[in-house]
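For reference, the chains in residue letters:
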Amino acid sequence: RAGLVLAHVLRERGHSVRIFERRDSFRPVGAAVFMHPFALNSLRAVSPTLEKQLLDVCTTIHTLSFTTLAEDAPSFRLDTLGDAKRVLGAPFVAVRFWDMLRALRVGLPDELFCFGHQLERYEQHGDADGVTLYFADAAQPPRTVRYLIDAGGIRSATRAQLLGDERIPRLRATFSVLPAERVAAAHEAVGGASTPGELGFVAGDNLSVVTMGLSDGGVMWSQTDLAADPTAPLYHDGSDAELRADLGAKYAKSNGWPSGVRALVEATTPADVIESTVAELPVAWRWGDGHVTLLGDAAHAQLPALGLGVSTAFGDVEELVAQLDRHGLSQKALRWYERCRMP
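Because the structure is a prediction, the values reported are computed rather than measured. (Residues numbered from 1 in each chain as written. Predicted model: local features only at pLDDT ≥ 70, side-chain atom pairs only at ≥ 80, totals over all residues. Heavy atoms only, no water.)

## Some thoughts on the environment of Leu-243
Here is step 1: Relative to the elements of secondary structure, Leu-243 occurs in helix H8 (residues 240-250).
Here is step 2: When its relative accessible area of 3% is taken as the criterion, Leu-243 is described as buried.
Here is step 3: Between the alpha carbons of Leu-243 and Thr-268 there is a distance of 8.8 Å; along the sequence they are 25 residues apart.
Here is step 4: Those residues within four positions of Leu-243 in sequence are excluded, and the remaining contacts are Tyr-235, Thr-268, Thr-269, Pro-270 and Val-273. (Helix = DSSP H or I, 4+ residues; strand = E, 2+ residues; numbered from the N terminus. Buried < 20%, exposed > 50% of the residue type's maximum accessible area, 1.4 Å probe, protein only. Contact = heavy atoms within 4.5 Å.)

## So, the side chain of Asp-316
Here is step 1: By secondary structure assignment, the location of Asp-316 is in helix H11 (residues 308-327).
Here is step 2: Filtering out sequence-adjacent residues up to four positions away, Asp-316 remains in contact with Leu-295, Gly-296, His-300, Tyr-337 and Arg-341.

## Focus on the packing of aromatic side chains
Two measures describe an aromatic ring pair: the distance that separates the ring centres and the angle between the ring planes.
Here is step 1: Per the counting criterion, the structure on display carries 9 aromatic pairs.
Here is step 2: An angle of 50° between the planes, with centres 6.3 Å apart, marks the rings of Phe-26 and Phe-113 as tilted. Residue Phe-26 is found in the loop between strand E1 (19-21) and strand E2 (32-35), and its partner Phe-113 is found in strand E7 (residues 113-115); the two are separated by 87 residues along the sequence.
Here is step 3: The class for Phe-113 is buried, based on a relative accessible area of 10%.
Here is step 4: Centroid distance Tyr-251 to Trp-257: 4.9 Å. Interplanar angle 70°. Geometry classified as edge-to-face.
Here is step 5: A relative accessible area of 3% places Tyr-251 in the buried class.
Here is step 6: One aromatic cluster is present, formed by Phe-26, Trp-98, Phe-113 and Phe-115 through successive ring pairs.
Here is step 7: A cation sits over an aromatic face here: Arg-105 above Phe-26, 4.5 Å from the ring centre.
Here is step 8: The ring of Phe-113 has Arg-105 lying over it, and the distance from NZ or CZ to the ring centre is 4.2 Å. (Phe/Tyr/Trp six-rings, centres within 6.5 Å; stacked < 30°, edge-to-face > 60°. Lys NZ or Arg CZ within 6 Å of the ring centre and 35° of its normal.)

Rendered as structure tokens:
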């Protein structure tokens, strides 16, 4: 996502760009994400056109609710998030990950993308000779580029080579995006309601649920099992029976879960579930060297916390572009970007 934005901006400034992508094609991926106003402000700063394209597929978040199942714990509801555009310059939004990727790709020619190129390592040469990239697939020949800006996320091979650190697994979670018709049918059968534009949190005993109501009536919901081994699969055979047994035991009415959550559980099938180890990276005080730098989660992967990952990545792009405009595409620009964005 941040890489797509940067590709647009670099091309507008006359630079030749190639995007090396580990996936074999541009296809649906991911669930949905939440973004802060500062993410859209950063996007507008580098490209008002891209901000508009992204907003066209986003749902504005106007309500935040937090519910705890324990009787003596607080619950609350805020209906003022809709004021964010007036107060902060942009709204809080939610968007399907695939919709975001498609919106940000518009205007980038197909020849920019090199699919099936999973970076394995790089080798820097002199100032004039740039960086040679080597890929995991031996059938892909090495490619030499002038600069390497790695926005490859928490699994960045560039970061692994540059710093030698490893991901820190913290939690096990699942993410699902459900279509509107299934959500509506489940609410009719089980009860409760899902409101477009509402971001909800429900906290149980060692189990937390996040819901985001999307503008078309669909819902993204995630569950985080705080007691589970973060590296062990929650679902082993991927069968509907296994999923139903697990979700049924966790979210039984007798456990106090509200009908709105139980309806989403009822509407979920194995094909909807994206299971993941939620991890973070150690704080790094070095993001680059020579003609190489890191961007987004590759630089500062953090635990999912109200969309800070994608939001800070757009902030990275804004700062990098500001330094490129000040110093040109140069090592000096990369080092100033890193100094300005490091915590």
